[in-house]
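# A closer look at the structure
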Amino acid sequence: MRKGAFRATVSSTAIRLLLQQHVEMGIFPFPPNFPSLSIFKHHHITTSACTKKPSLPQKNCGFVSNTSNDISIDDALTSFYRMVRMNPRPSVVEFGKFLGSIAKKKQYSSVVSLCNQMDLFGVTHNVYSLNILINCLCRLNRVDFAVSVLAKIFKLGIQPDAITFNTLINGLCNEGKIKEAVGLFNELVRRGHEPNVISYNTVINGLCKNGNTNMAVHVLKKMEQNGCKPDVVTYSIIIDSLCKDRLVNEALELLSKMVDRDIPPDVVTYSSILHGFCNLGQLNEATRLFKEMVGRDVMPNTVTFTILVDGLCKEGMVSEARCVFETMTEKGAEPDVYTYTALMDGYCLQNQMDEARKVLDIMVGKGCAPDVHSYSVLINGYCKRRRLDEAKRLLFEMSEKELTPNTVTYSTVMQGLCQVGRPQEALNLFKEMCSSSLLPDLMTYSILLDGCCKHGDLDEALQLLKEMQERKIKPNIVIYNILIQGMFIAGKLEVAKELFSKLSTDGIQPTVRTYNVMIGGLLKEGLSDEAYKLFRKMEDNGFLPDSCSYNVIIQGFLKNQDSSTAVQLIDEMVGKRFSADSSTFQMLLDLESYDDAICRFMRGCSQHRKMK
């Protein structure tokens, strides 16, 4: 394909006039419908044109402050002033090196301030110094100002290079402005710059990050057609994105193509596909690929091993994961906090809590510090096994190691305490969490409300609800379901009804679970007719009863000694291919000996089975 394949769809004269206007204004924003690459002809940039030159935020006598600087802005300025007072003054190259040294220390705001001072002292810029400025602005997430620097480059008559465009394209991509990035790429081509592999990789990476893998593959094809050879990074970016989209077979095809084109895949390429297979639960394919990787003399690193350990653990193959874990050091890869945590999680999933704890101890013994997630995994395992005292001890151990548990960690322990009938301890833990300046979320409140309601502590539940409202946390349908069920448990029928009717006024959509709770509660109160009407109204309102709905209402009618209605509902349930759960079946067996309707029903079921 000819070199101009990526040309914009509007005339070059129009673009030149547009650029001239921006140069005169001292800015370079993207106007509406800024031309994009021809392969993106259905996408248009919608950023509106600025009407005045943007100004940088100023502080400390006009200098942008940066509290994270290792060297203060005063120190940098002292060195700068020394340079500008020298006679003869150092060349622009020396000033560029000076700016570069500060930028390498990640003192991006200081670079911006010093560039402003260069202008004030009449120190000329070159493309190198302005590229540094553009990079620093992009690092500060101010790509809008960085784009304005491009206009300054044009105004000064300096020729931008590939680094200028690549840095800006990368900055735009990092801020999710992919259409603008593509438009700038097009401008790079229009001005006669041959996009290099970095330019293409930047655009491809931006597309993949924004979930547009198909377009990234298209750019790869155009890249090859335009005579720019992709490298291992190009392929690895797209392969990783395909795997994240669960398109592992397509990723394998691309892997095969890159091998055919004499571009050897590296450990990153293989690790991405390995991760894709593990996410799909295809451990046999993952193992095969791992062996292929080693066979090609691509040595797995810690990330690769961790992916495999995690994948095996999630499929319940903890013994195999342990073998992989133990061979890591032999292959020159040391386990890190993620590897240890993955193995711990595997043991927790298999309820082997003592083994999981041993892994934590080994981890500490090897000098690898556990993080909050490591402890959270172990705490969750203990809670699921109802070993709450050990879970609480781990919370205390975290504070000893100056690790602050997060909201999820606290919520996990609260849920475990509520499940074993210790809601007061959960509430105490809640207060401890809040005193640590951690904000509870909807999940935290739902756990505590459920615990309080199920154990009859309605006053505490209502207090929690009040706290939620004070914190501007709007209750969702899960919270309402818990409260409605709690009111039925406490025998507060009218309050439960009021909460149910309040849903529509609060703009909250009920769920099948909401109807099941209401039907079960009404039947518990002996209101069979009202429950039956709600059951029928449920379907009219667009909520199809599920297996749980039928079992709830059947059990309610059986308890209320209305066996004939229960049998009719059982026939209806079976016709919809739902089945009775163990509780319903046991009730039928218990009633068979003295209830005629149930006896006939059970006899009919027995004869039907014999006929089959």
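Here the structure is a predicted model, which is why all the values come from computation and not from measurement. (Residues numbered from 1 in each chain as written. Predicted model: local features only at pLDDT ≥ 70, side-chain atom pairs only at ≥ 80, totals over all residues. Heavy atoms only, no water.)

Our focus in this paragraph is helix H17 (residues 337-349). Its 13 residues place the ends of H17 18 Å apart at the C-alpha level, agreeing with the 18 Å of an ideal helix rising 1.5 Å per residue. Of all 13 residues making up H17, 10 are buried, and the element is well covered by its neighbours. Elements in contact with the buried residues of H17: helix H15 (302-314), helix H16 (318-327), helix H18 (353-365) and helix H19 (372-384). Where H17 begins, one side-chain oxygen reaches toward the backbone nitrogen of Tyr 338, 3.1 Å away; that side chain belongs to Asp 336. Just past H17, the residue Asn 351 takes up positive phi, approximately 60°. (Helix = DSSP H or I, 4+ residues; strand = E, 2+ residues; numbered from the N terminus. Expected span 1.5 Å × (residues − 1). Buried < 20%, exposed > 50% of the residue type's maximum accessible area, 1.4 Å probe, protein only. Contact = heavy atoms within 4.5 Å. Polar contact = N/O pair within 3.5 Å; in protein donor to acceptor, adjacent residues only side chain to side chain.)

Note on placement: Thr 304 falls in helix H15. Reaching out from Thr 304, the side chain makes a polar contact with the side chain of Asn 301 at a distance of 2.7 Å. Setting aside residues up to four positions removed in sequence, Thr 304 forms contacts with Val 267, Ser 271, Leu 274, Phe 290 and Met 293.

The next thing to look at is the pattern of salt bridges. Taken as a whole, this structure holds 24 salt bridges when the rule is applied. Measuring nitrogen to oxygen at the nearest pair gives 3.2 Å for the salt bridge that ties Asp 354 to Arg 387. Of this pair, Asp 354 sits in helix H18 while Arg 387 sits in the loop between H19 and helix H20 (388-400); the two residues are 33 residues apart in sequence, bridging distant segments of the chain. (Salt bridge = Lys/Arg side-chain N within 4 Å of Asp/Glu carboxyl O.)

Moving on, we get to helix H23 (residues 442-454). Between its first and last C-alpha atoms H23 spans 18 Å; for 13 residues at 1.5 Å apiece the expected length is 18 Å, and the two agree. Of the surrounding secondary structure, the elements contacted by the buried residues of H23 are helix H21 (407-419), helix H22 (423-435), helix H24 (458-470) and helix H25 (477-489). A distance of 3.2 Å separates the backbone nitrogen of Met 443 from a side-chain oxygen at the start of H23, and that oxygen is part of Asp 441. Two residues or fewer after H23 comes Gly 456, characterised by a positive phi angle close to 75°.

A word on the packing of helix H13 (residues 267-279) against helix H14 (residues 283-295). It is at 8 Å that the axes of H13 and H14 come closest, and there the two elements cross at 165°. As the angle between them shows, H13 and H14 are arranged roughly antiparallel. Considering only the axes of H13 and H14, their crossing is left-handed. Residues Val 267, Tyr 270, Ile 273, Leu 274, Phe 277 and Cys 278 of H13 lie in contact with H14, whose contacting residues are Leu 283, Glu 285, Ala 286, Leu 289, Phe 290, Glu 292 and Met 293. Class assignment of the residues belonging to the contact of H13 with H14 gives a composition of 11 nonpolar, no polar and two charged. (Axes fitted to C-alpha atoms, helices over the stretch in contact; angles between N-to-C directions. Parallel < 35°, antiparallel > 145°, perpendicular 65-115°, else oblique. Left-handed = near helix turned anticlockwise from the far one by under 90°. Nonpolar A, V, L, I, M, F, W, Y, C, P; charged D, E, K, R; others polar.)

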